[in-house]
Structure formats: structure tokens, C-alpha cells
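Structure assessment
What follows is each chain in one-letter form.
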Amino acid sequence: MAFDIEMIKGVYKTMGERIDKARSLTGKPLTLAEKILYSHLDEGMPTQVFQRGKSYVDFKPDRIACQDATAQMALLQFMQAGKPKVAVPTTVHCDHLIQAKQGAKKDLIRANKTSHEVFDFLESVSNKYGIGFWKPGAGIIHQVVLENYAFPGGMMIGTDSHTVNAGGLGMVAIGVGGADAVDVMAGMPWELKFPKLIGVKLTGKLNGWTASKDVILKVAGILTVKGGTGAIVEYFGEGAKNLSCTGKGTICNMGAEIGATTSTFGYDDSMERFLRATDRNDIADEANKVREHLTGDAEVYAAPEKYFDQVIEIDLNTLRPHLNGPFTPDLATPVGELGEKAIKNGWPIKVDWGLIGSCTNSSYEDLTRAASIAQQAIDKKLKPKSDFGINPGSEQIRFTAERDGLLSVFENLGATIFTNACGPCIGQWDRSDAQGDKKNTIVHSFNRNFSKRADGNPNTHAFVGSPEMVAAIAISGRLDFDPMNDTLLNEDGQEVKLDEPRGIELPPEGFAVDDNGFLAPDADGSGVQIKVNPESERLELLTPFQPWDGKNITGAKLLIKAFGKCTTDHISMAGPWLRYRGHLDNISNNTLIGAVNAYNKQTNMVKNQLTGEYGAVPDTARAYKKAGIQSIVVGDHNYGEGSSREHAAMQPRHLGVIAVLVKSFARIHETNLKKQGMLGLTFANEADYDKIKENDTFDFIDLVDFAPEKPLAILVKHADGSEDTIIANHTYNESQIQWFREGSALNLIKKENVA
Ligand code: F3S
């Protein structure tokens, strides 16, 4: 199968000496997270101590995974790098663009029609550049990665925030923007601020109705959606060893919901069992040889307060099942206490749907536990009051679950089995039963429950729980149902109680699959043609950005002076625009339409200095570009916060914006601007923001001397003939200045390839 044992052996070979060196440099025992980080430095052997939460460090990840929505722009960019193959093992997974409606077969046929050009493009690029391709219907990226690619002690990046799922198999796996993935595909290092460390000590053993999911629902309640920001969460203790590998995956998956950089667990018997069950005996054998490197040092776990920035302890013996929500995954309520809360807050008690599966919870253990509840509904003559929907995480798990009769249990309850894809988890759900402004409630075993996430309806109240709890709640049809204490009335009018769920960790007869949906790339892809229809509205091959002409930029016009918060969503909105993620010109029509114009406090209404008229930001930018005039964007504090979406830098660049001058930047966005060959600048004197007027023109008077640590001077010409000289700071180093000179980082890579 598609894993790289030689690469993994290489990682394990150097791990020991690198960890020893890091231990001696830091003068202390190491957590697992530190071991993985210090053994994946771009420089190889560690030579210095990094400060948690402060130092920016270049890493060398082992793998990359991309999903279909984000892979489009990432691969379009990679094509610009002029490389014959990706430098690091990479896979593409088609899972986000499949809408759930009528059930797996019909939905997949429809998706293959509506998104075929995207799928064809991704398949051909993958084939050309040595990337493994997982077809639509093959499964959800993170489940497929866990079953095929994740390995203990490895480092992976992925263009999806739930890449962190692979922590369940002992990885440091981190969600990144497309631009970061492209760098690594092209052989460049990947930069990350050295994370802080949160330790979660688990004691005891799960029992009864409590599942792995409840661990993370509890942690989310404690840490809230921001509590993990900038940190790796490391789970340890006897309780951790008592969890299944896939249960660990669920916990790590939802680490994204507390903002954590990632989460991870030390290698143990559960991981070994999972590796062997998924046909990876060779990895298990290799991991066993370096077992001590694949978990934190004993001294760390004996005195965690000394070595972690924060420590949380959870006793699995007493942990209660939870339902978190609505509208935020950190609003944790123990099952049984939700009724009162719901009445107080006006949340509908009646539950319309129970959704099971997704990348978060579709393991064999999850499905067997949920099916054991569903089977009781049949045996005890209970007619489910809610609709059931199941999203298997991969074809392998679907095939195995079907073989073992698990899916038929749900089907006997009238469940719709959706495609092995994200579906309702990402709003790809054509739900016909809840429309208009009527409030409604659903329960699901996914990870996110923000407003509109599942079905696009702001009136849908979504609660997150374990698959078995979702099954029980869906059977009862009530949010206030507590299966541990309450009874239900069956079709014969008898009161019956649901027994505790029973699950099987791994399929006793092994996993099976007919066609897993994987396409290995050609060994030599040089002859492969990339399929992009020039008429397409969803895909467009990129044209390299123009290099700098080496002269001072003069006569640049103000496009917009943004007022207040300007996040990557304000710069490049999501929602319906996701459709154009692979078409730079089309998606550029949303550029900065969410930013507030400082002069009239309106969005998407700026002055065109050439005509004096007000119009949409993208139209105005295009008018300047057409007239051969470059433009600049002025912004407030923390400009570009939010996601690492590279579109937020590429779109302004495409529309002729050459500089973004702000009070301060969100760092990732600042780097993205640099990568796209733009000037990301900050006011040396913040008060100069007020000097920028609506009709201003800008001359960069010393750009020809652009150098590290040397501020730039900008002559701002006002309409009344007066002028101000503004000093702009920057953080460009020599190679980043080279990106600017060449027009983009990718242009430079390409030039170096040719040279
Ligand atoms: Fe897909 Fe939802 Fe997971 S969108 S990747 S199933 S979080």
C-alpha cells in the first residue's frame, strides 16, 4: 500500500541522536511534542534551544495531505515552481466537494458531474507531480491518513485544520494554508512558532456510556475555543493507554476546536494494534525498535507541572458523557443536564436529525458502539423519532462495516448512508426538512457546530456528542434524553431502557476493501497533460506575477483605507466564493469586499480617484490596473488575522495592489504577502495612519535601496497639493527581498531550478 517505510526508517534512524542532543541543550527531560519537533528541524541536528511561544523555527515535515477545496490553489501554485515532482510524499483527497442529499450512490454521481473539472484537474496534477490521489468517494482526508499514512513520531502538515487528527497515531500533524504546503512541496522548509505545551493527564478507564469523544468535549469545556492557541496538547497517563488508537484520533481531531496547534499521544499498544490491523506490520516493527523516542520522558509525566505550560487532569472513571453546543463546541453540558438549559435558552428540545461519522468519529469502534444502540431500537421495538444520517470516513471502513452488518442496522432504522465524504460536516448538505426561520435541533458526532456549519441554516442548533450518544438521542428524538437514567415508550406501550453501548475496537475479521479509491501517480509524470478548460469558471492556470522593475514605485493610488478589524475573511470571503478557489481572477471579485472603508464606514464602497465615483473595491482595483496604475491598501491593527488563506494575499496582488501599509500585521498574512511579491509594511509612527487621505497618491522614494532592517520612506501626496513623508518599517530579510524582486517566492524557486 501507499506508505513509505524507507522514509519512516530514515526518520527513526536519526531520531535518537537528535533527541539526545535536544535533551542536553535544554538540560531537561523532553515531552513527546518536543522530541518530534527537535527531530524534525530543517537544519537536522539541533544546535540551539527554542523558546516556546516565541522562537520561529524552520521544520522539515515528513508528509503533506491536501483536501480538494484547498488543494486547487496549492497545486496551481506548485505548478509555478517548475519542479518535476513534489519534494515530500503528498496526497490529495477528494472529500469536500460532495453534497449529501439522497445517499451515497446518487450523491457521488451528482458530485462527479458538478465538480468533475476540479476532480479531473486534481487527478492530472497529482499524476504529473508524483502525488497520491484519492478519488471522490475514497474517504475523508483525515480518516484515510490515519488508516494509511500516519506513523508514530512523524511530522505532517495538511491543508485542512483537522489534519491534527493524525495525533491519534502519535504524530505532530498540523493544519496549514496552501502557501505553506506549496513551500514544502517545493523543497523549502516550513516555519512555525515553537509551540507552548499543554499536558493532559488521563487517569482511569472509560466505562458505560462515556466515550473518547467525551474527553475532548470536556477539555473543550475547560479550555474554551481559544484555550489551546499556540500550543500542542499532549495526552499521557494510564488513561491514555486505555484508549483505542482511533479514540485518540477523535480527541486530537477536535483539538482544532480549542485552537490548539495540534494534539498528540505517545506510542502505545493501541497504536501498534491499529498499525497491524491496517496492514502496516513493518511500521509497527520499526516503531517498536525506537519505542522510547515515541513517547515523552518518564520524568516529564511524573512531574508534569514542571515541564508543561499548563496541566489538566481528567479521571476517565468518573467522566460523564457530554453534549456540546449549540453554535460553539466549547459549551459543554453533561448529558442529563441539558433539558433545563435548553428550556431556559429556548433551544428546541425536539431533535430532527442524528448524524454519525465524519473524519472525527467513524472508526470501527465508533460504528459498533453506535450500532449496538441502534440494534436495541429494533430489538426493543423503539421507532426512532429523528432521522439518521451516516458519513463513513473511508471506503475501507464503509466496506468493512457493510460486511460486518453494521450499516444494515442503521439502514433498518431508515438511515441514509451518505458518501464517504464530509457532506453535512462542511455544509454540503441539501437538507429539505428545515427551512425558513423555524428553529430546529440536530445532534451529530462531528467536530464543529458553528451557526450554519451543517446545513447553511442559522436556525439549526447543532450539538456534538459521541456516536453512541447521538444514536440514543436520535432514537428518543429529545435533547433532554438521558439514556443512563430515562426510559422510552416502545411500540407496545412498554417502558424500555437502552443498555450501555458495546463496541469492538478493531474488526475481528480484519479490515477489507474492494476498491479503496487510491490512484498512485505515474513513475514518470513528465508526459502527463494538466486538464484545465480555458472556459472554466472554477479553475484557471496561474500566470506568474511580474517581477519588480527595479525602480522606485511612483503614482500608486489608495485603493482602500480599512477601518478596524480586517481579517482574511474580510479580504477574501468564504461562503459561496469557495466555488472559485481554483480561479484567481473570479475569486478576486470578492477582494476586500468585507473591509470597512475608513472614510464612509461602508463596506465595498471606495472612491475611484480616476473618475471620482464610488464603487466596489474589486472594480476600483481593476480600473487602476487597467490604467497601468498600482494601488495600495492601508489598514489598522492585526491586519490579516484569521486563517492562513493565501488567497487573501494573491487576490490583491492579482488586482494590482503592490503594498499593504498597516499599523500591525497578523504574522502569517504578512508572510503570505511577502511570498506573493508584495510589500507588507507597518507605520513606524502609528499616528501616520490618520495622515492618509482618500485622494492620496504614493511615491516610494527609496525602494531602490530596499534592504533588511532599513525602513522605507513613502511620499504621500494629498489632493490639496500638500505632502507628508511617512516612514514604513518592514521585516524582510535578504531572501524575502529577493522574492519581492522576482515577483514572488515561486518565481524565485523557478529561476533557481532553471539556473
Ligand atoms: Fe471534512 Fe468535516 Fe472533517 S469538513 S475534513 S469531515 S471536519
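In the annotation of an unreviewed UniProt entry, the chain is listed under the name Aconitate hydratase A and assigned to Aureibaculum algae. What UniProt states about the chain under its Pathway (unreviewed entry) heading is, verbatim, "Carbohydrate metabolism; tricarboxylic acid cycle; isocitrate from oxaloacetate: step 2/2." A UniProt comment under Catalytic activity (unreviewed entry) is attached to the chain, and it reads "citrate = D-threo-isocitrate".

Turning next to the overall build of the chain. Within the chain one finds 26 helices and 30 strands. In terms of C-alpha radius of gyration, the chain reaches 27 Å, essentially the compact-globule figure of 27 Å for 755 residues. Based on the C-alpha atoms only, the size of the chain along its principal axes is roughly 85 × 60 × 55 Å. For the chain, buried positions account for 56% of its 755 residues. For the chain, restricting intrachain contacts to residue pairs at least 6 apart in sequence, the fraction spanning at least 24 positions comes to 78%.

Our next topic: the domain arrangement of the chain. On domain assignment, one finds that the chain holds domain 1 (5-46 + 57-315), domain 2 (326-430 + 438-480) and domain 3 (556-754). The C-alpha centroid of domain 3 is placed 44 Å from the C-alpha centroid of domain 2.

Time to look at the site of the ligand. In the neighbourhood of the ligand, 13 residues make up the surrounding shell, with Ser358, Cys359, Cys422, Cys425 and Ile426 lying closest. The residue inventory of the shell around the ligand, partitioned by class, reads 7 nonpolar, 4 polar and 2 charged. Formed jointly, the shell around the ligand draws a minimum of three residues from each of two domains, domain 1 (5-46 + 57-315) and domain 2 (326-430 + 438-480).

Here we come to the packing of helix H3 (residues 68-78) against helix H7 (residues 178-185). It is the contact of H3 with H7, at a shortest axis distance of 9 Å, that shows an interaxial angle of 40 degrees. The angle between the axes of H3 and H7 places the two elements in the oblique class. Both H3 and H7 take part in a crossing whose hand is right-handed. Contacts between H3 and H7 pair Thr70, Met73, Ala74, Gln77 and Phe78 from the former with Gly178, Ala181, Val182 and Met185 from the latter.

In spatial order, the strands read E10-E9-E8-E11; together these 4 strands make up an open sheet with parallel pairing. The open sheet is flanked by strand E10 (262-265) and strand E11 (310-315), the only strands paired with a single partner. On average, adjacent strands in this sheet sit at an angle of 20 degrees to one another, irrespective of strand direction. The pairing of strand E8 (residues 196-203) with E11 spans 6 bridges and is parallel. For valine 200, the partnering residue across the bridge sits in E11 and is isoleucine 312.

Within the element layout of this structure, phenylalanine 545 appears in the loop between strand E21 (518-519) and strand E22 (556-561). Overall, phenylalanine 545 belongs to the partly exposed group, with 18 C-beta atoms counted inside 10 Å. Counting along the chain gives 133 residues from phenylalanine 545 to methionine 678, while the straight-line C-alpha distance between them is 10.0 Å. Phenylalanine 545 has contacts with Arg653, Gln676, Gly677, Gly743, Ser744 and Asn747, leaving out every residue within four places of it along the chain.

The buried fraction of E8 amounts to 6 of the 8 residues, a majority that puts the element mostly inside the structure. Relative to strand E9 (residues 231-236), E8 is paired through 6 bridges, and the arrangement is parallel. The partner of lysine 196 across the bridge, within E9, is alanine 231. On the question of chirality, the crossover connecting E8 to the parallel E9 by way of helix H8 (residues 212-223) is right-handed.

The next subject is the UniProt feature "domain: Aconitase A/isopropylmalate dehydratase small subunit swivel" (unreviewed entry) in the chain. Within the UniProt annotation, "domain: Aconitase A/isopropylmalate dehydratase small subunit swivel" (unreviewed entry) is assigned to residues 558-686. As a span, residues 558-686 carries 27% helix and 19% strand, and end to end its C-alpha atoms are 18 Å apart.

Our next topic: the sheet that holds strand E25 (residues 631-635). One closed barrel accounts for 7 strands, arranged E22-E25-E26-E27-E30-E29-E28; its pairing is mixed. Mean inter-strand twist for the sheet, computed between neighbouring axes without regard to direction, equals 40 degrees. In the sheet, E25 pairs with strand E26 (residues 657-662) via 5 bridges, with the strands oriented parallel. Paired with valine 634 across the two strands is leucine 661, which belongs to E26.

Moving on: the packing of helix H1 (residues 5-26) against helix H12 (residues 281-289). Put simply, H1 and H12 touch, their axes get as near as 10 Å, and they point 5 degrees apart. By the angle between their directions, the pair H1 and H12 is classed as roughly parallel. Note on element contacts: H12 touches H1 through Asp282, Ile283 and Glu286, opposite Ile5, Ile8, Lys9 and Tyr12. When the residues that make up the contact of H1 with H12 are grouped by side-chain class, the tally is 4 nonpolar, no polar and 3 charged.

A few words on H12. Every buried residue belonging to H12 is among Ile283, Glu286 and Ala287, and all of these are buried. For H12, the buried positions fall inside an angular range of 100 degrees around the axis, keeping them on one side. Opposite the buried face of H12, by more than 90 degrees, sit the exposed residues Asn281 and Lys289. Against H1 and helix H11 (269-277) lie the buried residues of H12.

Quick look at the pairing of strand E27 (residues 679-683) now. With respect to burial, E27 is a largely interior element, 5 of its 5 residues being buried. The two faces of E27 match: Leu679, Leu681 and Phe683 on one face and Gly680 and Thr682 on the other face are all buried. In this sheet, E27 lies alongside E26 in parallel orientation, the contact comprising 4 bridges. Across the sheet, the residue bridging to valine 660 is glycine 680, located in E27. For the crossover from E26 across helix H24 (residues 667-675) to E27, the handedness is right-handed. As defined by bridge partners, E27 adjoins strand E30 (residues 723-729) across 2 bridges and the pair is classed as antiparallel. Across the sheet, the residue bridging to phenylalanine 683 is alanine 728, located in E30.

Glycine aside, negative phi is the norm for most residues, and most peptide bonds take the trans geometry. Note the cis peptide between glycine 325 and proline 326, where omega equals 0 degrees. A positive phi angle, near 80 degrees, is found at serine 358, a position not held by glycine. Within the fold, serine 358 resides in the loop between strand E14 (351-357) and helix H16 (364-379). Even without being glycine, lysine 452 reaches a positive phi, approximately 75 degrees. Residue position: lysine 452 is located in the loop between strand E17 (440-444) and strand E18 (460-464).

Quick look at H24 now. For an α-helix, the turn length of 3.6 residues means that residues three or four places apart are oriented alike. With 8 of its 9 residues buried, H24 lies for the most part within the structure. Of the positions making up H24, those classed as buried are Ile668, His669, Glu670, Thr671, Asn672, Leu673, Lys674 and Lys675.

Rules of the game
- Position labels on residues start from 1 in each chain and follow its written sequence.
- The predicted origin of the model limits local features to residues at a pLDDT of at least 70 and limits the giving and counting of side-chain atom pairs to 80 or more, whereas totals for whole chains, interfaces and linings rest on all residues.
- UniProt positions are given in the numbering used here, feature names are shortened, and annotations may be inferred rather than shown by experiment.
- Segments assigned H or I by DSSP are reported as helices when at least four residues long, segments assigned E as strands when at least two residues long, and all are numbered from the N terminus.
- We compute the radius of gyration over the C-alpha atoms and compare it with the globule rule, which gives 2.2 Å times the number of residues raised to the power 0.38.
- As a rule, residues whose C-beta atom has 12 or fewer other C-beta atoms within 10 Å are exposed, those with 20 or more are buried, and those in between are partly exposed; C-beta atoms are placed from the backbone.
- Residues are scored as being in contact if the C-beta atoms we place from backbone atoms lie within 7 Å.
- Those domain boundaries reflect an automatic or database domain assignment.
- Residues are classed as near a molecule or strand if the C-beta position derived from their backbone is within 6 Å of it.
- Following the grouping adopted for this structure description, the nonpolar residues are Ala, Val, Leu, Ile, Met, Phe, Trp, Tyr, Cys and Pro, the charged ones are Asp, Glu, Lys and Arg, and the polar ones are all others, Gly among them.
- Angles run from 0 to 180 degrees between N-to-C directions of axes, and those axes are lines fitted to C-alpha atoms, restricted for helices to the stretch in contact.
- These descriptions rest on fixed angle ranges, namely under 35 degrees for roughly parallel, over 145 for roughly antiparallel, 65 to 115 for roughly perpendicular, and the rest for oblique.
- By definition, any crossing whose near helix is turned counterclockwise from its far helix by less than a right angle is left-handed, and any crossing with a clockwise turn is right-handed.
- Strand pairing is defined by DSSP finding a minimum of two bridges between the two strands.
- Handedness of a crossover: with both strands directed away from the viewer, a clockwise path from the first strand across the helix to the second marks it as right-handed.
- Think of the arc as the fan of directions from the helix axis to the C-beta atoms.

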